[in-house]
Structure formats: structure tokens, C-alpha cells
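The primary structure of each chain is shown beneath.
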Amino acid sequence: QVQLVESGGGLVQAGGSLRLSCVASGRILSINNMGWYRQAPGKQRELVTTITKDGSTNYADSVKGRFTISRDNAKNTVYLQMNSLKPEDTAVYYCNAGILQFGTYVYVEVWGQGTLVTVSL
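In short, a report on the structure. (Residues numbered from 1 in each chain as written. Predicted model: local features only at pLDDT ≥ 70, side-chain atom pairs only at ≥ 80, totals over all residues. Heavy atoms only, no water.)

One pass over the full model with this rule turns up 4 salt bridges. The salt bridge partner of Arg38 is Glu46, with a shortest N-O separation of 2.7 Å. According to the relative accessible area criterion, Arg38 is buried, its value standing at 6%. Several salt bridges converge on common partners, so that one network encompasses Arg38, Glu46, Arg66 and Asp89. (Salt bridge = Lys/Arg side-chain N within 4 Å of Asp/Glu carboxyl O. Buried < 20%, exposed > 50% of the residue type's maximum accessible area, 1.4 Å probe, protein only.)

Further remarks concern the state of the cysteines. If you walk through the whole model with that rule in mind, you get 1 disulfide. Each sulfur in the disulfide pair Cys22 and Cys95 lies 2.1 Å from the other. Between Cys22 and Cys95, the disulfide has an S-S torsion of -85° and is therefore left-handed. You can see Cys22 sitting in strand β3 (residues 18-25) and its partner Cys95 sitting in strand β9 (residues 91-101), a full 73 residues away along the chain. Each of the two residues, Cys22 as well as Cys95, counts as buried. (Disulfide = S-S within 2.5 Å. Helix = DSSP H or I, 4+ residues; strand = E, 2+ residues; numbered from the N terminus.)

Structurally, the position occupied by Arg38 is in strand β4 (residues 28-39). C-alpha separation for the pair Arg38 and Ile28, spaced 10 residues apart in sequence, amounts to 25 Å. Here Arg38 is in contact with Gln44, Arg45, Glu46, Val48, Ser62, Val63, Phe67, Glu88, Asp89, Ala91, Val92 and Tyr93, once residues within four sequence places are set aside. A distance of 2.7 Å separates a polar atom in the side chain of Arg38 from a polar atom in the side chain of Glu46. A polar atom in the side chain of Arg38 sits 3.4 Å from the side chain of Ser62. (Contact = heavy atoms within 4.5 Å. Polar contact = N/O pair within 3.5 Å; in protein donor to acceptor, adjacent residues only side chain to side chain.)

Before going further, it helps to spend a moment on the packing of aromatic side chains. The tally for this structure, following the rule as stated, stands at 1 aromatic pair. For the ring pair Tyr37 and Trp111, a centre distance of 5.0 Å and an interplane angle of 65° mean the geometry is edge-to-face. Placement of the pair is Tyr37 in strand β4 and Trp111 in strand β10 (residues 108-111), with a sequence separation of 74 residues. Overall, Trp111 belongs to the partly exposed group, its relative accessible area being 32%. Positioned over the ring face of Tyr79 is Arg19, at 4.1 Å from the centre of the ring. In this arrangement the basic side chain of Arg45 is found over the ring face of Trp111, its NZ or CZ atom lying 4.7 Å from the centre. (Phe/Tyr/Trp six-rings, centres within 6.5 Å; stacked < 30°, edge-to-face > 60°. Lys NZ or Arg CZ within 6 Å of the ring centre and 35° of its normal.)

So, in C-alpha cells, the structure goes:
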């Protein structure tokens, strides 16, 4: 089975930085778009940023200029560098990817289990 595992969450003070990582593992033939979503307490899950296989990126307005997504295709890994963090960035951050497995012909959307980011005043 294919899975995504996030790491790097934690507690940080406002203005600080964190770097999240997400590694895809399993019988992977190809990974299409990868991205990060987040869900704050009592709110719906929202898009943070995405990156295509060739490196084109897209960001939510709320994180533009502060967050940077990148990926290492050789390592099946996507990163999220978060700078100038604000209390409103507090959420569970989820990794997402479109993955084609060996022996299949359709990309399947896969989610990680999430990692908690807490930003204190």
C-alpha cells in the first residue's frame, strides 16, 4: 500500500519558523501533484499550497510570501517551509499527493495522517 507520512510539526512562537516534510512510500510508479492542506479547530480543511511534478506552485493568499513548498522527486518527498508564523496558522497540516502505483493505470489521491502545528503568542 502507498502511504504518506508527515513530520516536523510542533509548537513555535509567533514569528518563528517550522519545516514540514512528507515522504511517500510503497509501490510508487509516479507522483503527480503534491500539496499541503490544513484544518484548524472548528474549521473546514483548506488548501495551503500545491506543487506540480515540474515545480509549478500555487499558494493560498493567507500564506503567500511566508510559506514555500518544494519537492524532491528522487526521494518522493514534499516540504513546506513556514516562516513568520502567526497564531492563525495553528492547525493540523495534511500532505496530499496524486500517486500512480505499479500495476495500476489511474492516479489515486492519497492523504497523510496529519501533523499538528501550534503557534503561540
